[in-house]
Amino acid sequence: MPHLLSASDLPLPQMLLRIRAWEEKRARGRDSRQGLLEQALPFRAEGSVALLFYEPSTRTRAAFEQAVVALGLHPLVITAESASVQKGETLADTVRTLCAQGVVGVVLRHPEAGAAHAAARVSSVPVLNAGDGAHEHPTQAMLDLYTLWVHFGMPDPASHWLAGRKVAIVGDIAHSRVARSNLILLTRVGAEVWLCAPPNLLPAATLPGATLTPCLQEALQNADVVMALRLQRERMEQGLLPSLNAYRRDYQINAQRLACARPDCVVMHPGPLNRGVEISDEVADSARSLILKQVHAGLATRCACLEYALSPHPESGAV
Ligand code: ASP
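The model shown is predicted, which means the values in this text are computed figures rather than measured ones.

*Asks:* I keep staring at the packing of helix H4 (residues 91–100) against helix H5 (residues 115–122) and nothing clicks. Help me out?
*Replies:* Working note: a packed helix pair is described by the angle between its axes plus the distance between those axes. The geometry of H4 relative to H5 is characterised by a closest axis approach of 9 Å and an angle of 45° between their N-to-C directions. Regarding the angle of H4 to H5, the classification is oblique. The hand of the H4/H5 crossing is right-handed. Contacts between H4 and H5 pair Leu91, Ala92, Val95 and Arg96 from the former with Ala115, Ala119 and Val122 from the latter.

This is the structure:
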């Protein structure tokens, strides 16, 4: 079954083209339901998709909810506060219950790494990982890659179209599912990826394909793309960082710091932003910021991801 648990599950050239197709349909303002359904899910245009969100989310949840509706399906939103998890039900039992109720897919956001894999083991329908702890966030990485693909003029999606480009991801790399999933996709299309964090927030082990550094200047030098990550305040409580001020002083992405990047360097952030901490207002709102383009791409990306996961795949034997 085509679960979507990791960025490595995403069929890349095909996904970029499908996201584009969804974007174009949206831009044409075609009415949606009939127009969108013509090319999507002709076999299964009804039923419910469970959106199991056990962690706060604005962008990811709203985009998945809209995408489910755009595909002619019904979103069944379940949050930790409203679910039987409050009564001690395990994730496995919740997933089995939803499957028994006939949902056609499960989208899961969960605070624990590995939760999406655990759900997939007991699910009779495709599971899409909407972020599991510090592990992965494949649909975020997909929308980030799509945003870059459009920014660089939609080169041949089957080529190594980011070859020769330097991407610097800056922030709490050790705990970032966004960094992990982005690294997988960025290296597949040839990017040179630098991961930069204060020493305590760098991963203990090397990550294949990435250069790790605590030195921001080195990471930003001649970068084509800089991605700032949200600084989670609990890192201070855990003693991994002395203070927000120290982080701001040494790692904030601001105009002065970007002076050593390429003049046409663009800036990204998965959101939510801690303005004035990991990114300055000036940079977040500047012409080089792709942040709102990332948000915009979120809906078409989730449409394409749902379409991929819920479509019949020849190798699965489904018809
Ligand atoms: N929204 C992203 C995520 O859920 C980034 C973040 O929350 O820091 O991982």
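*Asks:* Please explain the site of the ligand as it appears in this structure.
*Replies:* Around the ligand, the neighbouring residues are Arg109, His137, Arg177, Val178, Arg230, Pro270, Gly271 and Pro272. Between Gly271 and the ligand, the recorded distance is 2.9 Å, taken from a backbone N or O atom to a nitrogen atom. Coverage of the ligand by the protein chains reaches 87% of its 260 Å² of free accessible surface. Of the residues belonging to the shell around the ligand, the class tally is three nonpolar, two polar and three charged.

*Asks:* Any chance you could explain the pairing of strand E3 (residues 105–110) here in plain terms?
*Replies:* Each regular strand shows side chains that alternate between the opposite faces of the sheet. Counting buried positions along E3 gives six out of six residues, so the element sits mostly inside the fold. Taking every second residue as pointing to the same face, both faces of E3 are buried, with Gly105, Val107 and Arg109 on one and Val106, Leu108 and His110 on the other. Both strand E1 (residues 48–53) and E3 contribute to a ladder of five bridges, which runs parallel. Residue pairing across strands places Leu52 opposite Leu108, the latter belonging to E3. Bridge count between E3 and strand E4 (residues 127–132): four bridges; the pairing is parallel. When the bridges of E4 are listed, Val107 appears paired with Leu128. With respect to chirality, the unit in which E3 leads through H5 into the neighbouring parallel E4 is right-handed.

*Asks:* Just to check I follow, could you spell out the packing of aromatic side chains for this structure?
*Replies:* Remark: the centre distance and the inter-plane angle together describe each pair of aromatic rings, the angle taken between the planes. Considering all chains together, one arrives at two aromatic pairs under this definition. A ring pair is formed by Tyr247 and Tyr251, whose centres lie 5.5 Å apart and whose planes are at 25°; its orientation type is stacked. One end of the pair is Tyr247 and the other is Tyr251, both in helix H10 (residues 244–251) and four residues apart, which spans about a single turn. Here Lys25 stacks its cationic end above the ring of Trp22, 4.7 Å away from the centre of that ring. Geometry around Trp194 places Lys166 over its ring, the cationic atom sitting 4.3 Å from the centre.

*Asks:* Quick question: what am I supposed to make of the sheet that holds E1 here?
*Replies:* Through backbone hydrogen bonds, the strands of a sheet pair up, either in parallel or in antiparallel fashion. Here four strands make up an open sheet; going across it, the order is E2-E1-E3-E4 and the pairing parallel. Every interior strand has two partners, whereas the edge strands, strand E2 (74–79) and E4, have only one. For this sheet, the mean inter-axis angle between neighbouring strands, taken without regard to orientation, is 15°. Seen against the sheet, helix H3 (residues 59–70) touches E1, E2, E3 and E4 and runs at an angle of roughly 155° to E2.

*Asks:* Help me understand unusual backbone geometry, please; the structure alone is not making it clear to me.
*Replies:* Trans is the common state for peptide bonds, and a negative phi is the common state for residues other than glycine. Along the chain, Gly271 connects to Pro272 via a cis peptide bond; the corresponding omega equals -5°. In this fold, Pro272 is placed in the loop between strand E9 (266–268) and helix H11 (281–284). With phi around 50°, Met154 is a residue other than glycine that occupies positive phi space. Within the element layout of this structure, Met154 appears in the loop between helix H6 (138–151) and strand E5 (166–170). Even without a glycine there, the phi angle at Asn222 is positive, about 60°. Along the polypeptide, Asn222 turns up in the loop between helix H8 (216–220) and strand E8 (225–228). With relative accessibility at 48%, the residue Asn222 sits in the partly exposed group.

*Asks:* I'm lost on the environment of Ile78 in this one. Help?
*Replies:* One can find Ile78 in strand E2. Given the relative accessible area of 16%, Ile78 is considered buried. Residues Ile78 and Phe53, 25 residues apart in the sequence, show an inter-C-alpha distance of 6.1 Å.

Reading the values: the criteria
- Residues numbered from 1 in each chain as written.
- Predicted model: local features only at pLDDT ≥ 70, side-chain atom pairs only at ≥ 80, totals over all residues.
- Heavy atoms only, no water.
- Axes fitted to C-alpha atoms, helices over the stretch in contact; angles between N-to-C directions.
- Helix = DSSP H or I, 4+ residues; strand = E, 2+ residues; numbered from the N terminus.
- Parallel < 35°, antiparallel > 145°, perpendicular 65-115°, else oblique.
- Left-handed = near helix turned anticlockwise from the far one by under 90°.
- Contact = heavy atoms within 4.5 Å.
- Near = heavy atom within 4 Å.
- Polar contact = N/O pair within 3.5 Å; in protein donor to acceptor, adjacent residues only side chain to side chain.
- Areas by Shrake-Rupley, 256 points an atom, 1.4 Å probe, with all protein chains shown as cover.
- Nonpolar A, V, L, I, M, F, W, Y, C, P; charged D, E, K, R; others polar.
- Buried < 20%, exposed > 50% of the residue type's maximum accessible area, 1.4 Å probe, protein only.
- Pairing = 2+ DSSP bridges.
- Right-handed = clockwise from strand over helix to strand, strands pointing away.
- Phe/Tyr/Trp six-rings, centres within 6.5 Å; stacked < 30°, edge-to-face > 60°.
- Lys NZ or Arg CZ within 6 Å of the ring centre and 35° of its normal.

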